[in-house]
Amino acid sequence: MGILATYEINRTDRVADIAAKIALELTVGTWTDLPHLERQQLQSYRAEVVSTSHTDTTSRFTIRYPLDNVSSDFSSILTTTFGKLSLDDSVRLLDLELPESLSRDFPGAKFGVDGIREQLGVNDRPLVMSIFKGVIGRDLRFLEQQLRDQLSGGIDIVKDDEILYDNPLTPSLERARVGRIVLDDHYKATGKRALYAITLSGPVFGLRDQALRLIEAGATALLFNVYTYGLDALRELAKDPDVRVPILAHPAFAGALTGSINHSLLLGTFIRLAGADLTLFPSPYGSLATPRDEALLIRDLSAKPSVRKPILPVPSAGIHPGLVEDIIRDFGTDVVINAGGGIHGHPDGAAAGARAFRQAIDQVLGRAGQTDALDVALEAWTTR
Ligand code: 1AE
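All values reported here derive from a predicted model rather than from experimental measurement.

Novice: Give me the overall build of the protein: which residues, what numbers.
Specialist: Along the protein, the regular secondary structure elements total 15 helices and 12 strands. Relative to the 2.2 N^0.38 estimate, which gives 21 Å for 384 residues, the radius of gyration of the protein is 23 Å and therefore close to what a compact globule would have. A principal-axis box enclosing the C-alpha atoms of the protein has dimensions of 75 × 45 × 35 Å. Within the protein, the proportion of its 384 residues that are buried is 52%. Counting only carbon and sulfur atoms, one obtains 50% of the accessible surface of the protein, whose full area is about 17400 Å².

Novice: Report on a nonpolar patch on the surface, specifying residues and quantitative values.
Specialist: On the surface, Ile136, Ile163 and Tyr165 cluster together to form a nonpolar patch covering roughly 310 Å² of accessible area. Within the element layout of this structure, isoleucine 136 appears in the loop between β5 (127-131) and α5 (140-152).

Novice: Tell me about the site of the ligand, and name the residues and values.
Specialist: Near the ligand there are 14 residues, and of these Lys133, His250, Gly318, Gly340 and Gly341 occur at the shortest range. With respect to the ligand, the side chain of glutamate 162 contributes an N or O atom lying 3.3 Å from an oxygen atom. At 2.8 Å, a backbone N or O of glycine 318 approaches an oxygen atom of the ligand. Bound to the protein, the ligand loses 84% of the 370 Å² it would expose on its own. Counted by class, the shell around the ligand contains five nonpolar, five polar and four charged residues.

Novice: Account for the packing of α5 against helix α14 (residues 350-364), naming residues and giving values.
Specialist: Contact geometry of α5 with α14 gives a least axis separation of 7 Å together with a crossing angle of 30°. Between α5 and α14, the interaxial angle falls into the category roughly parallel. The chirality of how α5 crosses α14 is right-handed. For the pair α5 and α14, the contacting residues are Asp149, Gln150 and Ser152 in the first and Ala350, Ala351 and Ala354 in the second. Across the contact of α5 with α14, the residue classes tally to three nonpolar, two polar and one charged.

Novice: Please provide a residue-by-residue account of the nonpolar core, values included.
Specialist: Grouped together as the largest cluster of nonpolar side chains are 93 residues, with contacts concentrated most on Tyr7, Phe224, Tyr227, Leu234 and Ile271. With seven residues, helix α10 (residues 263-274) is the single largest residue contributor to this core. When residues of this core are sorted by domain, at least three fall in each of domain 1 (3-102) and domain 2 (112-381). Each residue touching isoleucine 271, except ones within four places of it in the same chain, is listed here: Val226, Tyr227, Leu231, Leu234, Ala249, Leu266, Ala276, Thr279 and Ile311. Ranked by size, the runner-up nonpolar core spans 18 residues in total, among them Ala221, Leu248, Leu278 and Val336.

Novice: Break down the UniProt feature "domain: Ribulose bisphosphate carboxylase large subunit C-terminal" (unreviewed entry) in the protein for me, with residues and values.
Specialist: Per the UniProt entry, the sites bearing "domain: Ribulose bisphosphate carboxylase large subunit C-terminal" (unreviewed entry) are residues 113-277 and 309-368 in this numbering. Taken end to end, residues 113-277 comprises 46% helix and 13% strand; its first and last C-alpha atoms sit 7 Å apart. Split by type, residues 309-368 is 45% helix and 15% strand. Its first and last C-alpha atoms lie 33 Å apart.

Novice: Please provide a residue-by-residue account of the domain arrangement of the protein, values included.
Specialist: Here the domain parsing of the protein yields domain 1 (3-102) and domain 2 (112-381). If you average the C-alpha positions of domain 1 and of domain 2, the two centres end up 36 Å apart. Each partner contributes to the interface: domain 1 provides 15 residues, whereas domain 2 provides 14 residues. Where domain 1 abuts domain 2, roughly 1300 Å² becomes buried across the two surfaces, and 58% of that area is made up of carbon and sulfur atoms. Broken down residue by residue, the surface that domain 1 buries against domain 2 is led by Phe74, Arg92 and Leu93, which jointly contribute 44%.

Novice: How would you summarise the sheet that holds strand β7 (residues 195-199) if you had to cite specific residues and measurements?
Specialist: The pairing of strands in a sheet comes from backbone hydrogen bonds and takes either a parallel or an antiparallel form. Pairing is parallel in the open sheet, where eight strands are placed in the order β11-β10-β9-β8-β7-β6-β5-β12. Edge strands, defined here as strands with exactly one partner in the open sheet, are β11 (312-316) and β12 (336-339). Adjacent strand axes in the sheet meet at a mean angle of 25° when their direction is disregarded. Pairing of strand β6 (residues 157-159) with β7, which is carried by three bridges, proceeds in the parallel orientation. The residue bridging valine 158 from the neighbouring strand is tyrosine 196, located in β7.

Novice: Pulling in residues and values, what's your account of the pattern of salt bridges?
Specialist: By the definition in use, this model includes 24 salt bridges. Across the salt bridge formed by aspartate 184 and arginine 180, the nearest N and O atoms sit 3.7 Å from each other. You can see aspartate 184 and its partner arginine 180 sitting in helix α6 (residues 172-190), four residues apart, about one turn around the helix. A relative accessible area of 31% places aspartate 184 in the partly exposed class. Between aspartate 330 and arginine 292 there is a salt bridge; the shortest N-O distance is 2.9 Å. Of the two residues, aspartate 330 is situated in helix α12 (residues 324-331) and arginine 292 in helix α11 (residues 292-303); the sequence distance between them amounts to 38 residues. Taking the relative accessible area as the measure of exposure, aspartate 330 reaches 6% and is therefore buried. The exposure class of arginine 292 is partly exposed, given its relative accessible area of 41%. In this structure, a network of salt bridges that share partners links the residues Arg292, Asp326, Arg329 and Asp330.

Calculation notes
Residues numbered from 1 in each chain as written. Predicted model: local features only at pLDDT ≥ 70, side-chain atom pairs only at ≥ 80, totals over all residues. Heavy atoms only, no water. Helix = DSSP H or I, 4+ residues; strand = E, 2+ residues; numbered from the N terminus. Rg over C-alpha atoms; globule rule 2.2 N^0.38 Å. Buried < 20%, exposed > 50% of the residue type's maximum accessible area, 1.4 Å probe, protein only. Areas by Shrake-Rupley, 256 points an atom, 1.4 Å probe, with all protein chains shown as cover. Patch = residues over 30% accessible without salt bridge, like charges linked within 9 Å, V, L, I, M, F, W, Y side chains within 5 Å. Salt bridge = Lys/Arg side-chain N within 4 Å of Asp/Glu carboxyl O. Near = heavy atom within 4 Å. Polar contact = N/O pair within 3.5 Å; in protein donor to acceptor, adjacent residues only side chain to side chain. Nonpolar A, V, L, I, M, F, W, Y, C, P; charged D, E, K, R; others polar. Axes fitted to C-alpha atoms, helices over the stretch in contact; angles between N-to-C directions. Parallel < 35°, antiparallel > 145°, perpendicular 65-115°, else oblique. Left-handed = near helix turned anticlockwise from the far one by under 90°. Contact = heavy atoms within 4.5 Å. Core = buried A, V, L, I, M, F, W, Y, C linked by side-chain atoms within 4.5 Å. Domains from an automatic or database assignment. UniProt positions renumbered as here; feature names shortened; annotations may be inferred. Buried area = accessible area lost by both parts, 1.4 Å probe. Pairing = 2+ DSSP bridges.

Below, the structure is given as structure tokens:
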């Protein structure tokens with residue numbers, strides 16, 4: 001029992017000594033001997049090195065931290081395991097494992113893969129998500145039309161851009177209200193359910209109230225910039241029984257941490273522990289690429305058997321219909337294909353952009369169907 005943290009350092013000599021020193025420092029809190037420290041006192045609190053290994057140039061070691069050293073939240077767990085240590089450029093945090101005894105405080109996603117699929121009534125293909133684009137400086141009427149266009153092309157989930165907060169031209173509560181009308185109209189006309197994730201923003205202590213106001217006003221999902229608010233903010237929202245809509249975790253700002261924490265830990269393990277239903281991350285294909293092995297690890301960590309529900313990986317950024325084959329090959333069908341520019345930049349408009357993605361999925365899954373919108377997209381984005 002305890003928390004297991006695995007680190008990497010850029011050296012291969014004296015690894016056992018260094019690991020033991022780190023374990024002691026992160027128990028005692030300082031670098032030097034303390035006259036008042038007693039062997040007895042440390043016995044049940046002392047972190048211990050459980051393994052070390054090395055390659056030609058780097059070493060790894062795992063330290064187990066007693067549960068008694070932390071409280072049941074990200075803040076204390078991350079401070080104990082990688083607080084001051086994160087400021088040492090030569091050390092990288094690779095992995096963190098919490099014992100199942102903490103699952104009451106880290107219950108994970110409310111909906112997960114099955115819950116989202118059930119809400120959307122889609123079980124046999126990847127989901128398609130699109131992102132509002134170019135909405136800053138435009139009013140609600142513009143936003144409403146963009147939403148209608150995206151849905152009419154067959155989108156399952158529409159999300160706000162992460163840079164669209166509460167603002168005078170398109171206030172979040174109005175987006176929730178208008179969005180719900182559009183989603184309901186779409187359902188009446190097509191029998192197809194869809195979700196619209198609204199950016200949850202504003203003062204940190206008011207997030208819960210704001211989430212409840214948005215849901216009351218009609219929000220069917222929330223987009224949350226988790227690394228600007230903190231993992232515990234997401235965990236509290238996801239755990240809250242009154243926040244009864246799926247939460248999409250956006251990776252904004254996570255890149256500020258990837259210098260010393262792996263992408264897969266930040267955007268896979270932590271996000272699933274914190275309770276998001278979808279985790280967005282840069283795909284391994286675009287210019288903003290996540291290293292391929294790390295992106296595939298996020299896929300595996302999202303689905304890994306656990307007491308927590310599996311969540312949906314959302315490889316994003318620079319996605320266009322020509323990449324659908326790669327995405328399905330690498331991520332399978334329990335994935336969300338997410339595009340902003342790849343929808344709105346379609347030469348025939350957003351509805352055609354959405355249709356192109358649905359047509360690409362049908363083609364890759366070997367289903368017959370039209371390819372008119374797809375052909376135009378491929379011409380635009382794969383032959384340049
Ligand atoms: C990594 C998240 C991607 C995202 O939020 C976003 O807005 C992508 O936009 P496009 O698809 O690259 O235009």
